[in-house]
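Chain by chain, the residues:
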Amino acid sequence: MKFSDLTRDPISSLPVYQPGKPIELLAREKGIPFNSIIKLASNENPLGSPAGAIKAVRESAANMALYPENSGHDLVQALCVKNGFEPNQLTLGAGSNEIFYLLCDLFADADTQVVVGEYAFISYRISAMLAGAQVVPAAMPGMRHDLDAILDAITEQTRLVFLPNPNNPTGTALPVADIDRFARQLPEWVVFCYDEAYAEYEDQSLDVQGLIRDGVKIIATRTFSKIYGLAGLRIGYGFSDPALAGLLNSVRPPFNTSTVAQAAAIAALKDDAWVARSRRVNSLGREQLREGFEGLGLSSFGEQGNFVLFSLENAEQIFHSLQEMDVIVRSLAGYGLKDYLRVTIGTEEQNERLLEALGRLLK
Ligand SMILES: Cc1ncc(COP(=O)(O)O)c(C=O)c1O
């Protein structure tokens with residue numbers, strides 16, 4: 001009997017999360033230096049990490065023989081000061097991804113359903129399936145979430161709805177007024193996870209605290225992996241009604257966020273200039289890519305976040321050819337979007353290199 005015969009039911013049919021190809025792997029495969037490759041595949045911050053966060057990591061490394069502070073007290077306080085949360089509203093996760101898993105641990109099992117948009121970020125689907133729940137996909141016409149389709153998909157068995165705004169990988173976003181209205185229509189047996197991974201890039205934000213105050217069962221999730229440039233440290237959080245945060249913290253693995261990650265996140269939160277610079281580079285880069293794609297005769301999509309999509313018939317082939325030219329982008333074949341590639345908006349130089357490489361391939 002094989003190990004795979006012994007796993008519980010949903011495991012063998014679980015989709016596997018396919019991350020962007022790591023630079024280290026491509027460098028190893030090709031025997032070329034790490035810094036000769038550009039990776040625009042995982043929506044990381046192309047500027048790197050804030051200097052204060054790097055310094056905090058170095059300093060906190062002196063304490064790494066000790067377990068982390070399990071409650072993340074200082075980071076929780078810093079988040080409260082910055083955002084006006086109460087400490088008992090917060091759950092820290094090893095990336096916001098862990099919060100999705102914790103939510104499914106709490107609310108999803110074989111008798112329940114979890115509703116997600118058909119092209120929504122894949123992690124929701126994986127965490128729901130891992131918990132044994134039935135995933136109910138809601139149609140996304142034009143690759144955009146359709147809130148009525150989500151409401152129609154809800155049944156008495158639904159326990160969770162996940163909605164990212166903007167959505168990754170499609171880059172589409174909805175007005176927050178629509179989401180506010182939607183959240184208030186959800187039945188009381190449904191927990192709404194509103195994923196704000198790209199919040200700091202956006203001008204609009206949903207009044208999550210107002211919804212919580214009005215009794216809506218919502219949790220918003222955020223991450224330090226995107227604008228704050230700490231993806232490698234795995235740190236994110238959810239904020240919700242204290243009753244939900246209490247439950248999440250009761251199933252959270254002990255010491256799930258590291259000492260260095262907590263310290264770096266505190267330092268990153270203080271650096272408003274970093275956020276402003278990252279936003280500026282991102283919006284200039286978006287324009288540069290949009291014009292560049294247009295010049296190459298390619299349609300591009302995505303209005304928010306730090307990434308864009310472009311479409312072409314032989315996307316999979318171009319994806320591999322770009323890799324041969326040391327440019328890593330993201331294939332969306334796993335999402336059923338086989339005619340699209342997703343690229344993270346890079347620095348001016350990185351964007352230029354991508355466009356140049358694409359230009360040569362499309363000639
Ligand atoms: C919409 C969305 N949510 C969550 C995440 C995961 O972020 P984290 O690194 O915090 O787990 C991503 C990462 O790409 C994302 O695009």
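The rules behind the values
Position numbers for residues count from 1 along each chain, tracking the sequence in the order it is written. Since the coordinates come from a predicted model, pLDDT governs what is reported: local features require at least 70, and pairs of side-chain atoms require 80 or more to be given and counted, while whole-chain, interface and lining totals use all residues. In computing side-chain values, all of the structure's heavy atoms are included and hydrogens and water are not. Working definition: helices are DSSP H or I runs of at least four residues, strands are E runs of at least two. Numbering for both runs from the N terminus. Only C-alpha atoms enter the radius of gyration; for comparison, a globular chain is expected to reach 2.2 Å times N to the power 0.38, where N is the number of residues. A simple rule labels every residue: compare its accessible area, found with a 1.4 Å probe on the protein chains alone, to the largest value its type can have, and call it buried under 20%, exposed over 50%, or partly exposed in between. Strand pairing is assigned whenever DSSP identifies at least 2 bridges connecting the two strands. Contacts are assigned to residue pairs that have any heavy atoms within 4.5 Å of one another. Only C-alpha atoms enter the line fits that serve as axes; for helices the fit covers just the stretch in contact. Angles between N-to-C directions range over 0 to 180 degrees. Put simply, two rings from Phe, Tyr or Trp (the six-membered ring, in Trp's case) pair if the centres are within 6.5 Å, and we call them stacked under 30 degrees between planes, edge-to-face over 60, tilted for the rest. Distance and angle both matter: a charge sits over a ring if NZ of Lys or CZ of Arg is within 6 Å of the ring centre and within 35 degrees of the ring normal. Here the term right-handed applies to a crossover when the path leading from its first strand over the helix to its second strand runs clockwise, the strands being oriented away from the viewer. For the domains described, the bounds stem from an automatic or database domain assignment. Note on definitions: buried area is the accessible-area loss of two parts on being combined, 1.4 Å probe, summed for both. Polar contact criterion, stated in full: a pair of N or O atoms within 3.5 Å, where within protein one must be able to donate a hydrogen and the other to accept it, and residues adjacent in sequence count only if both atoms are side-chain atoms. For classification purposes, an angle smaller than 35 degrees is called roughly parallel, one larger than 145 roughly antiparallel, one from 65 to 115 roughly perpendicular, and anything else oblique. The crossing is said to be left-handed when, going from far helix to near helix, the turn is anticlockwise and less than a right angle, and right-handed when the turn is clockwise. Any residue outside Ala, Val, Leu, Ile, Met, Phe, Trp, Tyr, Cys, Pro, Asp, Glu, Lys and Arg is labelled polar, Gly included; the first ten of those are nonpolar and the last four are charged.

1. Notes on the overall build of the protein
Phase 1: Summing up its helical and strand segments, the protein has 14 helices and 13 strands in all.
Phase 2: Taking 21 Å as the expected radius of gyration for a compact globule of 363 residues, we find that the protein reaches 20 Å, a close match to that expectation.
Phase 3: Summarising its shape, the C-alpha atoms of the protein cover approximately 55 × 55 × 50 Å along the three principal directions.
Phase 4: By the burial criterion, 53% of the 363 residues in the protein qualify as buried.

2. Details of the sheet that holds strand β13 (residues 340–344)
Phase 1: Taken together, the four strands give an open sheet; going across it, the order is β9-β10-β13-β12, and neighbouring strands pair in antiparallel fashion. Pairing within the sheet leaves two strands with one partner each, and these edge strands are β9 (299–301) and β12 (330–331).
Phase 2: Direction of pairing for β9 relative to strand β10 (residues 307–311): antiparallel, over a ladder of three bridges. Of the residues in β10, the one forming a bridge with serine 299 is serine 311.
Phase 3: Here helix α12 (residues 272–295) sits on the sheet and contacts β9, β10 and β13; the angle it forms with β10, its principal contact strand, is near 5 degrees.

3. Describing the packing of aromatic side chains
Phase 1: Inspection of every chain in the model, using the stated rule, returns 14 aromatic pairs.
Phase 2: Aromatic pair tyrosine 67 and phenylalanine 255: ring centres 4.6 Å apart, planes at 20 degrees, arrangement stacked. Pair noted here: tyrosine 67 is in the loop between α3 (51–60) and α4 (73–83) and phenylalanine 255 is in the loop between α10 (242–251) and α11 (259–269), with a separation of 188 residues, a long-range link.
Phase 3: An angle of 85 degrees between the planes, with centres 5.3 Å apart, marks the rings of phenylalanine 182 and phenylalanine 192 as edge-to-face. With a gap of ten residues between them, phenylalanine 182 in helix α8 (residues 176–185) and phenylalanine 192 in strand β6 (residues 191–195) connect regions that are remote in the sequence. The pair formed by phenylalanine 182 and phenylalanine 192 is uniform in burial state, with each residue classed as buried.
Phase 4: Feature note: the residues Phe85, Phe224, Tyr228, Tyr237 and Phe239 constitute an aromatic cluster, connected by ring pairs.
Phase 5: Across from the ring centre of phenylalanine 307, 5.8 Å away, lies the NZ or CZ of arginine 342, which sits over that ring.

4. Observations concerning the pairing of strand β4 (residues 134–138)
Phase 1: Inspection of the sheet shows strand β3 (residues 113–117) paired to β4 by five bridges, in the parallel sense. From the neighbouring strand, glutamine 113 faces β4, where its bridge partner is glutamine 134.
Phase 2: For the handedness criterion, the β-α-β arrangement of β3, helix α6 (residues 122–130) and β4 is classed as right-handed.

5. A closer look at the domain arrangement of the protein
Phase 1: Entries for the protein in the domain assignment read domain 1 (18–48 + 272–362) and domain 2 (51–269).
Phase 2: One C-alpha centre belongs to domain 1, the other to domain 2; they are set 25 Å apart.
Phase 3: Each partner contributes to the interface: domain 1 provides 24 residues, whereas domain 2 provides 28 residues.
Phase 4: When domain 1 packs against domain 2, the two sides together hide about 2200 Å² of surface, and 54% of this comes from carbon and sulfur.
Phase 5: Of all residues in domain 1, Arg279, Gln304 and Tyr335 bury the most surface against domain 2, accounting for 31% of the area lost on that side.

6. Some thoughts on the environment of aspartate 271
Phase 1: Positionally, aspartate 271 belongs in the loop between α11 and α12.
Phase 2: Polar contacts involving the side chain of aspartate 271 include one to the main-chain amide nitrogen of tryptophan 274, which spans 3.0 Å.

7. Remarks on the packing of α3 against α11
Phase 1: Across the interface, α3 lies against α11 with an axial gap of 8 Å and an inter-helix angle of 150 degrees. Between α3 and α11, the crossing angle belongs to the class labelled roughly antiparallel. The two elements α3 and α11 meet at a crossing, and its hand is right-handed. For the pair α3 and α11, contact is made by Gly52, Ala53, Ala56, Val57 and Ser60 and by Thr259, Val260, Ala263, Ala264, Ala267 and Ala268, respectively.
Phase 2: Across the contact of α3 with α11, the residue classes tally to eight nonpolar, three polar and no charged.

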